[in-house]
Amino acid sequence: MSLAIKRSISELSTITIPTHRLYKRLRRNACKSNGTLTSILAYVNLLEDASSNEALQILLKITDSMHFDESEFPDAIRKLVEHFQREPESAVRVKILSLFADLATETAIDGQQLIDEVIKLLKVEKSAKVISQGLIVLEKIGKSFTPSVAYINQMVFFAKVKLFSPSHNVQRHAILLLGVFVLISDAEKESLELIGKYTDSPDARVRAQAFRSMLTLGDRGVQLPPSLYPRACASLTDDYECVRKEALNMVFELGVRHPEEMIKVQDSEQEVRLIDDAFGKVCSAICDLSMNIRTLAAELLGGMTMVSDEFLHQTLDKKLMSNMRKKRSLHERSAAHFASGEWSSGKKWADDAPKEVISADSVSLMASGACGALVQGLEDEFLEVRTASVNSMCKLALKNPLFAVTSLDFLVDMFNDEIEEVRLRAIYSLTAISRHIILREDQLETMLSSLEDYSVEVREGLHLMLGACKVSTKACLTLVVQKVLDVLLKYPEDRLSTFGCMQRVGQKHPEICMSITPQLLMDHPFFDSAERDVEDPAYVCVLIMLFNAAQHLPAMLSLFPETTIKHYAYLRDTMPNFVPRLAVGGDTKELNLIGSTGSRQFLETLLSNIQRAYSAPQARQALLKAAQDDLDRLAEIDPTFSGTANFTSVFFGAQLQMEQLQLATTGLSIKAPIKECLLQLIKKCLMLQNLFSNLTNDDLLLVKQMCLRASALNLVLIVKDRSQSALGPCQLLLHIASDASSFLQENTLLVADTFTSAILTKLASVGDPKPGRVYREILPIVQTAAPVVIPQINTNIKMCKARIIEPTESSYSAENVIKVTAGLIAAVPFVAELENLQQSQRQDLRLKVKYPDQNVHIIVPRKRDLKKVMTEQGESESQWRLRTKVLLSHGVWTEASTVEITICLSVKPNNELELCKSVKVHFAPKPVKRGL
């Protein structure tokens, strides 16, 4: 022990181990500590005397446990190959090949050696099933690493040889392998044409794979020539759905890649653009018998934005338009009819003879079945087709304002769809194209009738849409205001959504709002009216709309009575996010916090002061404590800088806890209990790891170094305490060290601090990572560790946090108690908004319910209850809304008491990070009433 303490950090730094060996040893030690490193040769040797069924079971066991010693791989592969050659059962040979693919994807085995071995085995193989599996394995192995050109050519040559196999499965997987690995230069010369020949194969699966491989080549950068278009069009009428699906994708891809290419119309000499003809072909697929094809066709229409206007407008009319016929236009025919008069003059021979009946199919540029394609999609019996049609109509309308106006009536009709998801898509689509349209009164009546929908999401979507659109007349705006206020009385829980709607309505219609101001405020020109209740939600909605309109039209201020001006001051203080600053009350100056300069300058000064006190521990700790309060306050007053301020504050808090615990490792006493300090330190490290996003590599390195220090302190203090097992903390330290070493290996430009370098080097030199051995090695490093480096300012950091909208403490106060019979369940509506929640953290979201008897229930919300917040620009990237119900139940209580509900993030078992303050609701389980 004394020898370990006397060794200094300088002595430890003289031990030089190559970097790659260091990281490999750390990973191996981490596996050893878990006892998960097994020998693959022990399994493979069992295959020598095993039957086919026993061999299959052994191979399955190898697949289930993939933590092997990498040094045994060459011998194991050799023995597996030998067993493959003498194995008579094809199922076992298939499993051996599959095991090669698993080893390539999940371990660090040499992929080039596997490719050589697989190709050698397949060259003498007779079973089509095994050859087909071998081609799949070659694809997986090739994707697991970056093979050289020689190995790519070797796989491609082998696949071309197997194209002539009589088995359709072998042909299909050979074509798949060609599409993934053939060189681009080779593909443009001959491979593309070779694959194209198999679109005429007798087997439908081979035909579909040929189209799919050509599309894969196109995604890799190969130029798909327009000569493939006739072949793809011919396959649109194939009997098999899989072929029609891939042919439809090919038609779309060629139309988008070569929009201006001119092709001849079928049975005619007239030429049209390739994008227009492809658009017509995709429209025809809307009438396909398969729902999947119809859905795909409806989705592809939205991506063909370069189509001509006449083809685009034809999708909204089921009758063939005159401009789609190869004859005189409607204007020319109408002019000729007007010039000739209504009745025959008799001056021209047979001018009143009946016209020749012309078939629409023979004279049209678009097939008659494709006319009104989007309308047919909107009327389809399957919601998938209707949803895809609405989305495509929205995409096309965003690129074509005239089409947006034409499609408005069709989107409004979809508000009456029986499926909620379709109604929502129609509402969001209309919101997206709102800048191109102005709503009429008849359209508004249909929209406003949907405001009474039972679904809160539909109502909020309509509020968003009404706030984004413009209306044409004063009567329209009055209709909107009256209907929104009537629905608010029916659904008072929509208060915040309605406020936001009226705010945007006022901003977009200041002139019309001015004309109806006296009517909305009930202001008589001669008599004083009674002062209205400022707590009335309907009156607040009106004021919010008028105040936002007055922001853009200051002349409206003269129309406000004195009581309205007083109410403005109250609402401005209570709802600053809905009520703008106006030039009333003598205070016209607005205090602007310049976050880009003021907040940054403050933080730079703060960090520089702490840096100056680097060598003075007492002054440094005092500055860190004061800095935490300052940073918390900065996060409150400057939202744009809150992520950076919160990250720095948590980092400083972890640093304070770490310096106190470092004193405890030397035998000195500290004020707080050691266990409590360790729990606080671990919690702050988990916050740094999980609650912050947009971290740079330097920030990530600091967080990993902080976690490494915390895990080292944890092990040292637990071993010193001797009251619990140190095996778990030792495993945790090794895994964190392995993660930090891998991160440093991936980012070679980063340099670790002296503590991290010493710990990693020391752990790599430990042969048997037992807790006592690791403790003795790292103790002197932990005791003499220098303070952590201060993080650099990163203004892009975002913190995951939440805000509970419902329930509120006022809605379930002592006067509004939730009463339920003991043992039964009370469902409390719960609505919360989350900011900067990452997609990977959705499944970790939890609701925590804490009862007065300290019982804590963790509730996992349903995935469908968490959705992104919709804005006028579409789905928000960083904001989510959780709308669910919290179930409360308990035994009998003598009186009502508070139950705390909060939202948190589960980062480890029994470790939840709260994202906001808890809300307290009064809950009273009553005893069961007995009958008389």
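Definitions and limits used
Residues numbered from 1 in each chain as written. Predicted model: local features only at pLDDT ≥ 70, side-chain atom pairs only at ≥ 80, totals over all residues. Heavy atoms only, no water. Helix = DSSP H or I, 4+ residues; strand = E, 2+ residues; numbered from the N terminus. Buried < 20%, exposed > 50% of the residue type's maximum accessible area, 1.4 Å probe, protein only. Contact = heavy atoms within 4.5 Å. Areas by Shrake-Rupley, 256 points an atom, 1.4 Å probe, with all protein chains shown as cover. Expected span 1.5 Å × (residues − 1). Phe/Tyr/Trp six-rings, centres within 6.5 Å; stacked < 30°, edge-to-face > 60°. Lys NZ or Arg CZ within 6 Å of the ring centre and 35° of its normal. Salt bridge = Lys/Arg side-chain N within 4 Å of Asp/Glu carboxyl O. Pairing = 2+ DSSP bridges. Axes fitted to C-alpha atoms, helices over the stretch in contact; angles between N-to-C directions. Core = buried A, V, L, I, M, F, W, Y, C linked by side-chain atoms within 4.5 Å. Polar contact = N/O pair within 3.5 Å; in protein donor to acceptor, adjacent residues only side chain to side chain. pLDDT = per-residue confidence, 0-100. Parallel < 35°, antiparallel > 145°, perpendicular 65-115°, else oblique. Left-handed = near helix turned anticlockwise from the far one by under 90°. Nonpolar A, V, L, I, M, F, W, Y, C, P; charged D, E, K, R; others polar.

Considering the overall build of the protein
In step 1: Across its full length, the protein carries 40 helices and 16 strands.
In step 2: Within the protein, the fraction of its 932 residues that count as buried is 50%.
In step 3: Across the protein, contacts joining residues at least 24 apart in sequence account for 72% of those joining residues at least 6 apart.
In step 4: Surface exposure of the protein reaches about 46,300 Å², of which carbon and sulfur atoms provide 52%.

Examining the side chain of Q209
In step 1: Looking at where Q209 falls in the secondary structure, it is placed in helix 13 (residues 204-219).
In step 2: Leave out the neighbours within four places in its chain, and Q209 touches R172, I175 and L176.

Section: helix 39 (residues 754-765)
In step 1: With twelve residues, helix 39 extends 17 Å between its outermost C-alpha atoms, agreeing within 8% with the 16 Å of an ideal straight helix rising 1.5 Å per residue.
In step 2: The buried fraction of helix 39 is high, at nine of twelve residues.
In step 3: Restricting attention to buried positions, one finds in helix 39 the residues F755, T756, A758, I759, L760, T761, K762, L763 and A764.

Things to note about the packing of aromatic side chains
The geometry of an aromatic ring pair comes down to the distance between the two centres and the angle between the two planes.
In step 1: Counted under the stated rule, the structure contains six aromatic pairs.
In step 2: For the ring pair F547 and F560, a centre distance of 5.6 Å and an interplane angle of 80° mean the geometry is edge-to-face. Placement of F547 in helix 31 (residues 537-552) and of F560 in the loop between helix 31 and helix 32 (562-574) is noted, with a sequence separation of 13 residues between them.
In step 3: The exposure class of F560 is buried, given its relative accessible area of 8%.
In step 4: Arranged with centres 5.2 Å apart and planes meeting at 80°, the rings of F547 and Y568 form a pair that is edge-to-face. With F547 in helix 31 and Y568 in helix 32, the pair connects residues that are 21 residues apart, well separated along the chain.
In step 5: Using a relative accessible area of 7% as the deciding quantity, one classes Y568 as buried.
In step 6: A connected cluster of aromatic rings, assembled from ring pairs, spans F547, F560 and Y568.
In step 7: One cation-aromatic arrangement involves R709 over F755; the distance from NZ or CZ to the ring centre is 4.6 Å.

What about the pattern of salt bridges?
In step 1: In this structure the tally under the stated criterion is 37 salt bridges.
In step 2: A salt bridge links R207 to D238, with the shortest nitrogen-to-oxygen separation between them at 3.1 Å. With R207 in helix 13 and D238 in the loop between helix 14 (229-234) and helix 15 (241-257), this pair connects stretches of sequence that are 31 residues apart.
In step 3: What makes R207 buried here is its relative accessible area of 10%.
In step 4: Measuring nitrogen to oxygen at the nearest pair gives 3.4 Å for the salt bridge that ties D753 to R709. Within this pair, whereas D753 is found in the loop between helix 38 (727-746) and helix 39, its partner R709 is found in helix 37 (residues 697-721), the two being separated by 44 residues in sequence. There is no split in this pair, since D753 and R709 are both buried.
In step 5: The network of salt bridges with shared partners includes E460, R803, E833, R881 and R883.

Observations regarding the pairing of strand 16 (residues 919-926)
A regular strand places its side chains so that they alternate between the two faces of the sheet.
In step 1: For strand 8 (residues 818-821) and strand 16, the ladder comprises four bridges, and the chain directions are parallel. Looking across to strand 16, one finds that I818 is bridged to F923.
In step 2: Two elements, strand 14 (residues 897-908) and strand 16, share five bridges in a ladder whose sense is antiparallel. Opposite E900, over in strand 16, you have K920 as the bridge partner.

Remarks on helix 22 (residues 383-399)
Since there are 3.6 residues in each turn of an α-helix, residues three or four apart along the chain are aligned in direction.
In step 1: Between the first and last C-alpha of helix 22 there are 25 Å, a value that for 17 residues agrees with the 24 Å anticipated at 1.5 Å per step.
In step 2: When we look at burial in helix 22, the residues that qualify are V385, R386, T387, A388, S389, V390, S392, M393, C394, L396 and A397.
In step 3: Residues of helix 22 that are buried in the fold lie against helix 17 (291-301), helix 18 (309-314), helix 21 (373-378), helix 23 (401-413) and helix 24 (420-432).

Here's the deal with the sheet that holds strand 9 (residues 826-835)
Strand-to-strand pairing in sheets goes through backbone hydrogen bonds, with the strands running parallel or antiparallel.
In step 1: Spatial strand order, 7-9-13-12: four strands in an open sheet with antiparallel pairing. Across the chains shown, the open sheet's two edge strands, defined by having one partner strand only, are strand 7 (801-806) and strand 12 (866-871). Taking the axes of each pair of neighbouring strands and ignoring which way they run, one obtains an average angle of 35° across the sheet.
In step 2: In this structure, strand 9 lies alongside strand 13 (residues 874-888), joined through ten bridges in antiparallel fashion. When the sheet's bridge partners are listed, V828 is paired in strand 13 with V886.
In step 3: Each of strand 12 and strand 13 is contacted by helix 26 (residues 456-468), which is oriented at about 150° to strand 13, the strand it contacts most.

Regarding the nonpolar core
In step 1: In terms of nonpolar packing, the biggest core is built from 182 residues, with F100 and L430 touching the most fellow members.
In step 2: Residue contributions to this core peak at twelve residues, all from helix 31.
In step 3: Apart from residues no more than four positions distant in its own chain, L430 is found in contact with L408, L411, V412, F415, I437, M447, M465 and C469.
In step 4: Listed in part, the 102 residues of the second largest apolar core include L661, V716, I781 and L847.

Some thoughts on the environment of E833
In step 1: Locating E833 in the fold gives a position in strand 9.
In step 2: Assessed through its relative accessible area of 19%, E833 is described here as buried.
In step 3: Here the alpha-carbon distance between E833 and A802, two residues 31 residues apart in the chain, equals 5.6 Å.
In step 4: Within the structure, the side chain of E833 is placed 3.0 Å from the side chain of R881, a separation counted as a polar contact.

Quick word on the side chain of H567
In step 1: Note on placement: H567 falls in helix 32.
In step 2: With residues up to four places along the chain from it excluded, the contact list for H567 reads E531, R532, V534, Y539 and L543.

Describing unusual backbone geometry
A negative phi angle is the norm for most residues apart from glycine, just as the trans form is the norm for most peptide bonds.
In step 1: In the segment running from E806 into P807, the intervening peptide bond is cis, with an omega of 5°.
In step 2: With respect to the secondary-structure elements, P807 resides in the loop between strand 7 and strand 8.
In step 3: Positive phi is not limited to glycine here, since N836 has a value of about 60°.
In step 4: With respect to the helices and strands, N836 occurs in the loop between strand 9 and strand 10 (845-850).

Topic: the pairing of strand 10
In step 1: For strand 10, a buried count of five out of six residues is recorded, marking the element as mostly surrounded by other parts of the structure.
In step 2: Pairing of strand 10 with strand 14, which is carried by six bridges, proceeds in the antiparallel orientation. Bridging from a neighbouring strand, L845 pairs with L905 of strand 14.
In step 3: Bridge count between strand 10 and strand 11 (residues 856-859): four bridges; the pairing is antiparallel. By the bridge assignment for strand 11, L847 is matched with I859.

Describing the confidence of the model for the protein
In step 1: Summarising the model, the protein shows a mean pLDDT of 84, and 88% of its residues fall at 70 or more.
In step 2: Confidence drops under a pLDDT of 50 for residues 322-327, and excluding neighbours within four residues, the segment shows 20 contacts in the predicted structure.
In step 3: Every residue in residues 356-363 is under pLDDT 50, and counting partners more than four places away or in other chains gives eight contacts.

Here we look at the environment of I670
In step 1: Looking at the secondary structure, you find I670 in the loop between helix 35 (642-665) and helix 36 (674-690).
In step 2: Separated by ten residues in sequence, I670 and Q660 have C-alpha atoms that sit 6.7 Å apart.
In step 3: Residue contacts for I670: discarding those within four places in its chain leaves Q660, L661, L663, A664 and C677.

What to know about the packing of helix 37 against helix 38
In step 1: The interhelical angle for the contact between helix 37 and helix 38, taken along N-to-C directions, is 160°, at an axis separation of 9 Å. One finds that helix 37 runs roughly antiparallel with respect to helix 38. Here the hand of the crossing between helix 37 and helix 38 comes out left-handed. Packed against helix 37, whose contacting residues are N697, L700, L701, K704, C707, L708, S711, A712, N714, L715 and I718, the element helix 38 presents P729, C730, L733, I736, A737, D739, A740, F743 and L744 at the interface.
In step 2: For the contact of helix 37 with helix 38, the residue count by class is 15 nonpolar, three polar and two charged.

A short note on the packing of helix 27 (residues 474-490) against helix 31
In step 1: Between helix 27 and helix 31, the least distance of the axes is 10 Å, while the angle of their chain directions is 145°. When the axes of helix 27 and helix 31 are compared, the crossing they make is right-handed. On helix 31, the residues that touch V481, L485 and L488 of helix 27 are P537, A538, C541, V542 and M545.
In step 2: When the residues that make up the contact of helix 27 with helix 31 are grouped by side-chain class, the tally is eight nonpolar, no polar and no charged.

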